[in-house]
Amino acid sequence: MLIQPIDYFLVAWFAVAILSTIWVGWDQFRNNPEPAVMKWGFILVTLYMGPLGLLLYVLADKEPRPGTQEQFTVSLWKQGVGSTIHCVAGDATGIILAAAITAALGLPMRIDLIVEYLAGFACGLFIFQSLFMKEMMGGRYRDNVRKTFLPELISMNAMMAGMAPVMSFLMMGRDMRAMVPTELLFWGVMSLGVIAGFAVAYPVNVWMVERKLKHGLMTERKPGSRFDLQHVHAYDQRDHQASHSAEHHGAGGATGHDPGGKHHEMTTDATRPQLAAVTGVTALMLLAGLIVPGFYVNLSLSAHDVGGRIMPRGMIMDFDTPAAAMRDMAAIHPRHVSFHAAPGARGDQALAPRIENGTKVFDIEAAVIRWHILDDVHVDAYAFNRQIPGPRLRLVEGDRVRINVRNLLPESTTVHWHGLVVPNEMDGPAEITQAPIPPGGTYVYEYTVQQLGTFFYHTHDHADRQQTFGLYGARS
Ligand SMILES: [Cu+2]
């Protein structure tokens, strides 16, 4: 639901992302001579990264003119983009699916992160990398899994090193709707995380492409397909050495009978120390990305503990702030506001009772309203009868009074008649003299007034918070 400025931005962002994705998909399948795995890689990444995915596609992968793809994608930075794309497409898909599931299950954030890492790794390795390799080079699926394990590990570590802190800090930030998959903000955080993950994974992917550990962008012109160049022109093979993309991929590639398949065979020139160093450093980056946020935000909490709460500005939350404290200190959720008071509205308005058999009857409703504390400053508040302070109840000694209190708040409440001598069950303290009035419930307070004077009435259920939010009024 649209309740914060960020929500409107996210609607616009995802509208652009969906339009971009549709266009990239259309262009990929209609105009782009590359393998299907790569096409889907760009489609997914554009969905996750919106206009940035579109930008990468147009600058690095969209064939400028028919027959030029091989030349166009030669440069290393574009090959690095391609390599990162098919890493991110697989990894991010696994991470996002796992995040949605773990949030729904209510697992603690730190368990979420581990599950997300494993899911991302599995999705990347078993689907995008191995399938990609198989499509390009044929061979047995199992061998491809083995061959792509190390590149996938390096890339996934870097990707998660970027994505994990974004998720941890923003999900446990001020607006914890970010933990709830049914909120747009959750998907916004995922998108930002993927963008950060892409940025961190890109340099190691460039290195791996250069060292022939990974494929980058590739071109596939199946004979007889719309991308077959026989009818266009022979393309320049001089760049053959510079990139594996400059190869004419035969129809048999996917089945492993491609006579040209051996052209895609890669022999890396990376040395063991280089591989060990890159693997080690990306592993350390991953550990830092997973652990460091835990010094600042409480990663032992789950979406069920605090999900959806929005904290007041400036609220200090630490790595050990308990969920109960967060719930207690949370700001009023703008979604619960049911009434906007006019700027000039005033509280403490005398409420006329109706008389039933000699009893003064008052109807009081507690609800969430938006209240102006200055003409140009409003706050979300709890109020009796849509005003703060609540309505003035005029009573004199000997009055028989009945007050119907209806609770329209998102939490339970009661009313305590401060300083009045009343029957015990009419006194108001929640869980002491009465069961608190549940949301949607009503409680009838009835007593005979025994004292003259000016008194106040107020909530006596979580009074520290509810009274501060505006649940009080005067009796005179
Ligand atoms: Cu009191």
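So, here's what we can say about the structure. Source: prediction; values computed, not measured.

About the criteria used
Throughout, a residue's number is its position along its own chain's written sequence, starting from 1. With the structure being a predicted model, the display of local features is reserved for residues of pLDDT at least 70 and the display and counting of side-chain atom pairs for 80 or more, all residues being used for whole-chain, interface and lining totals. Side-chain measures were taken over the full set of non-hydrogen atoms in the model, leaving aside hydrogen atoms and water. Per the convention used, a helix needs a DSSP run of H or I reaching at least four residues, while a strand needs a run of E reaching at least two, with both numbered from the N terminus. Every radius of gyration here is taken over C-alpha atoms, with the globule rule written as 2.2 Å times N^0.38, N being the number of residues. Burial here depends on accessible area, computed with a 1.4 Å probe over protein chains only, as a share of the maximum for the residue type. Under 20% is buried, over 50% is exposed, and the range in between is partly exposed. In summary, the pairing rule links any two rings of Phe, Tyr or Trp, Trp by its six-membered ring, whose centres are within 6.5 Å, and it sorts them by plane angle into stacked for under 30 degrees, edge-to-face for over 60 and tilted for everything else. The rule is short: NZ of Lys or CZ of Arg within 6 Å of the ring centre and within 35 degrees of the ring normal puts a charge over the ring. Every patch collects residues that have over 30% relative accessible area and no salt bridge, joining them within 9 Å if they carry like charges and within 5 Å if they are nonpolar side chains (Val, Leu, Ile, Met, Phe, Trp, Tyr). Accessible areas in this description were obtained via Shrake-Rupley with a 1.4 Å probe; residue shielding takes into account the shown protein chains only. A carboxyl oxygen of Asp or Glu within 4 Å of a side-chain nitrogen of Lys or Arg is what we treat as a salt bridge. We call an atom a donor if it is N, O or S and sits within 2.8 Å of the metal, or 3.2 Å for Na, K and Ca. Water is not counted, so some sites may look partial.

1. What about the overall build of the chain?
In step 1: The secondary structure content of the chain amounts to 12 helices and 10 strands.
In step 2: What you see for the chain is a C-alpha radius of gyration of 32 Å, clearly larger than the 23 Å of a compact globule of 476 residues, by over 25%.
In step 3: Considered along the principal axes of its C-alpha atoms, the chain spans approximately 105 × 45 × 35 Å.
In step 4: Taking all 476 residues of the chain together, 54% fall into the buried category.

2. Details of the packing of aromatic side chains
In step 1: Within this structure, the stated rule accounts for 15 aromatic pairs.
In step 2: Geometrically, the ring pair formed by Trp417 and Tyr457 is tilted, given 5.6 Å between the ring centres and 40° between the ring planes. Of the two residues, Trp417 sits in strand S7 (residues 416-418) while Tyr457 sits in strand S9 (residues 455-458), which places them 40 residues apart along the sequence.
In step 3: Look at Trp417 and you get buried, because its relative accessible area is 2%.
In step 4: Residue classification places Tyr457 among the buried residues on the basis of a relative accessible area of 1%.
In step 5: Grouped by ring-pair contacts, the aromatic residues Phe384, Trp417, Tyr443, Tyr445, Tyr447 and Tyr457 constitute a single cluster.
In step 6: Lying across the ring of Phe29, Lys39 places its NZ or CZ 5.5 Å from the centre.
In step 7: In this structure, Lys78 packs its charged tip against the face of Phe72, placed 3.7 Å from the ring centre.

3. Description of a nonpolar patch on the surface
In step 1: A surface patch of nonpolar side chains, about 870 Å² in accessible area, is lined by Phe169, Leu170, Leu192, Leu284, Leu287, Ile291, Val292, Phe295 and Tyr296.
In step 2: Where the nonpolar patch is concerned, the elements lending two or more residues are helix H7 (141-171) and helix H9 (272-291).
In step 3: Looking at the nonpolar patch, the element that brings in the most residues is H9, giving 3 residues.
In step 4: Along the chain, Val292 falls in the loop between H9 and helix H10 (303-306).

4. Concerning the coordination of the copper ion
In step 1: Here the copper ion is held by the protein donor atoms His418 (ND1) and His458 (NE2), which lie 1.7 to 1.9 Å from it. Of this pair, His418 sits in strand S7 while His458 sits in strand S9, and the two are 40 residues apart along the sequence.
In step 2: With relative accessibility at 37%, the residue His418 sits in the partly exposed group.
In step 3: We classify His458 as buried; its relative accessible area is 7%.

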